[in-house]
Amino acid sequence: MGTKDSKAKEYFADNERFADLCNYVLYGGRCVIKAENLKERDTTEVLTALGLSPNMISVQKWRDIFKNIHVKYTGKTYIFLVGMENQSDIHYAMPVKNMIYDALAYGKQVREVAKKHRREHDPETPDEFLSGFTANDRLIPVITITVYLWVKEWNGPRKLTDMLEVIDEELLPFISDYKINLLEPKSIMDFTKFRTQLKQLFEVLQNASDKNRLQAVLQEDEQFKNMDRETVEAINLFAGMNIQTDGKEEVIDMCKAWEEQREEGIEQGIEQGRKTEVFDSVQCGDYSTARGAQKLNLSIDEFKKQMMAAGFSIPQKFSRTILLH
């Protein structure tokens, strides 16, 4: 597993963040799912031909995150399973990937129900014995959410039919489609629906390619002055930023760190511009190598090394006029 994938799994496995993300995707930001409603599930799914074959088919799939959710809502109690797939790159077969995960999860439930009936010696009709499932048995709903963690817009398929060859429209009613539940930062319109610092993470991802807009976002949201270290590290990783943390601070002023980084970048740019000017003067014969090194407060050897690394050539001889500089 790559660094980004393992970091995303660790970050979103936190129950507060997972519940916040599920509430945004499934309930429009309403606080229906709470952290205490969540329970970890085994992320490994094994295909066993509808869960009934004694001979395991050697196909295993590992979800990024898989949790059991138990909520009371509108006077009723609901139980369902939510899996999360984190993508730092576009997966052009995502509908098929998620469809397989969900099918395996349903197959596992069928297998567990069948085992229960056999263990308890429940009376079965021939049809129920064949399927391992009775007319009164029910499955727990399975939902998979794909979280796209990159600054570019998702241009991959969003449903199975996006991946199919052009077909006769009369056949479409007979083809079972399968859509992905995609959360991509570029499509988020209202960040106030998040209750954790997922809000700030997704705001940065949405605006990371526009530095002026990003600076405005950082200045407008006071929460950026009190960011938890894990979120800042996630921002650095997924948005390609370099906000400095010492690994010990739990709360970080990201606005201050961004401004310091920006000022440092400006100073580095000025210094690099000055070096380029001196390197160019030496290459053109206006300065000697010694004079150029003196202007940049470098030894002659270090000056030559940096000058060549910058793509400039060092003249072999200098005129008397040059030596007077």
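Above this note sits the structure.
Residues numbered from 1 in each chain as written. Predicted model: local features only at pLDDT ≥ 70, side-chain atom pairs only at ≥ 80, totals over all residues. Heavy atoms only, no water.

**Quick word on the nonpolar core**
Then, number 1: In this structure, Phe-12, Leu-21, Ile-33, Ile-69, Phe-202, Met-241 and Met-254 are the most contacted members of the largest nonpolar core, which totals 49 residues.
Then, number 2: In terms of residue count, the dominant contributor to this core is helix α2 (residues 15–27) (6 residues).
Then, number 3: By size, the runner-up hydrophobic cluster in this structure holds 10 residues, among which are Phe-279, Val-282, Phe-303 and Ile-314. (Core = buried A, V, L, I, M, F, W, Y, C linked by side-chain atoms within 4.5 Å. Buried < 20%, exposed > 50% of the residue type's maximum accessible area, 1.4 Å probe, protein only. Helix = DSSP H or I, 4+ residues; strand = E, 2+ residues; numbered from the N terminus.)

**A word on the side chain of Ser-288**
Then, number 1: Inspection of the secondary structure assignment puts Ser-288 in the loop between α8 (254–284) and α9 (289–295).
Then, number 2: Given the relative accessible area of 10%, Ser-288 is considered buried.
Then, number 3: Here Arg-291 takes part through its backbone nitrogen, which lies 3.0 Å from a polar atom of the side chain of Ser-288. (Polar contact = N/O pair within 3.5 Å; in protein donor to acceptor, adjacent residues only side chain to side chain.)

**Regarding the sheet that holds strand β6 (residues 142–148)**
Strand pairing within a sheet occurs via backbone hydrogen bonds; the two strands may be parallel or antiparallel.
Then, number 1: What the 5 strands build is an open sheet, ordered β1-β4-β5-β6-β7; its pairing is mixed. Looking at the sheet topology across the chains shown, the edges are occupied by β1 (38–40) and β7 (181–183). The mean inter-strand angle of the sheet, taken between neighbouring strand axes irrespective of direction, is 30°.
Then, number 2: Sheet contacts for helix α3 (residues 94–120): β4 (65–73), β5 (76–87) and β6; angle to β6, the most-contacted strand, approximately 150°. (Pairing = 2+ DSSP bridges. Axes fitted to C-alpha atoms, helices over the stretch in contact; angles between N-to-C directions. Contact = heavy atoms within 4.5 Å.)

**So, the environment of Gln-109**
Then, number 1: For Gln-109, the location among the structural elements is in helix α3.
Then, number 2: Taking the C-alpha atoms as reference points, Gln-109 and Ile-140, separated by 31 residues in sequence, lie 7.9 Å from one another.
Then, number 3: If sequence neighbours within four positions are ignored, Gln-109 has contacts with Leu-81, Leu-139, Ile-140 and Val-142.

**Quick notes on the side chain of Lys-199**
Then, number 1: Mapped onto the fold, Lys-199 is located in helix α5 (residues 198–207).
Then, number 2: By relative accessible area, Lys-199 is classed as buried at 17%.
Then, number 3: In terms of polar contacts, Lys-199 uses its side chain to reach the side chain of Asp-221, at 2.8 Å.

**Remarks on the packing of aromatic side chains**
Then, number 1: Under the defined criterion, the tally for this structure stands at 7 aromatic pairs.
Then, number 2: For the ring pair Tyr-27 and Tyr-73, a centre distance of 5.3 Å and an interplane angle of 70° mean the geometry is edge-to-face. Placement of the pair is Tyr-27 in helix α2 and Tyr-73 in strand β4, with a sequence separation of 46 residues.
Then, number 3: Tyr-27 gets classed as buried once you look at its relative accessible area, which sits at 14%.
Then, number 4: Looking at Tyr-73, the relative accessible area reads 27%, which means it is partly exposed.
Then, number 5: Relative to Phe-312, the ring of Phe-279 has its centre 5.7 Å away and its plane inclined at 55°; by these criteria the two rings are tilted. Pair noted here: Phe-279 is in helix α8 and Phe-312 is in the loop between α10 (300–309) and α11 (320–323), with a separation of 33 residues, a long-range link. As far as the burial class goes, Phe-279 and Phe-312 line up, both buried.
Then, number 6: What links up through ring pairs into an aromatic cluster is the set Tyr-24, Phe-194 and Phe-202. (Phe/Tyr/Trp six-rings, centres within 6.5 Å; stacked < 30°, edge-to-face > 60°.)

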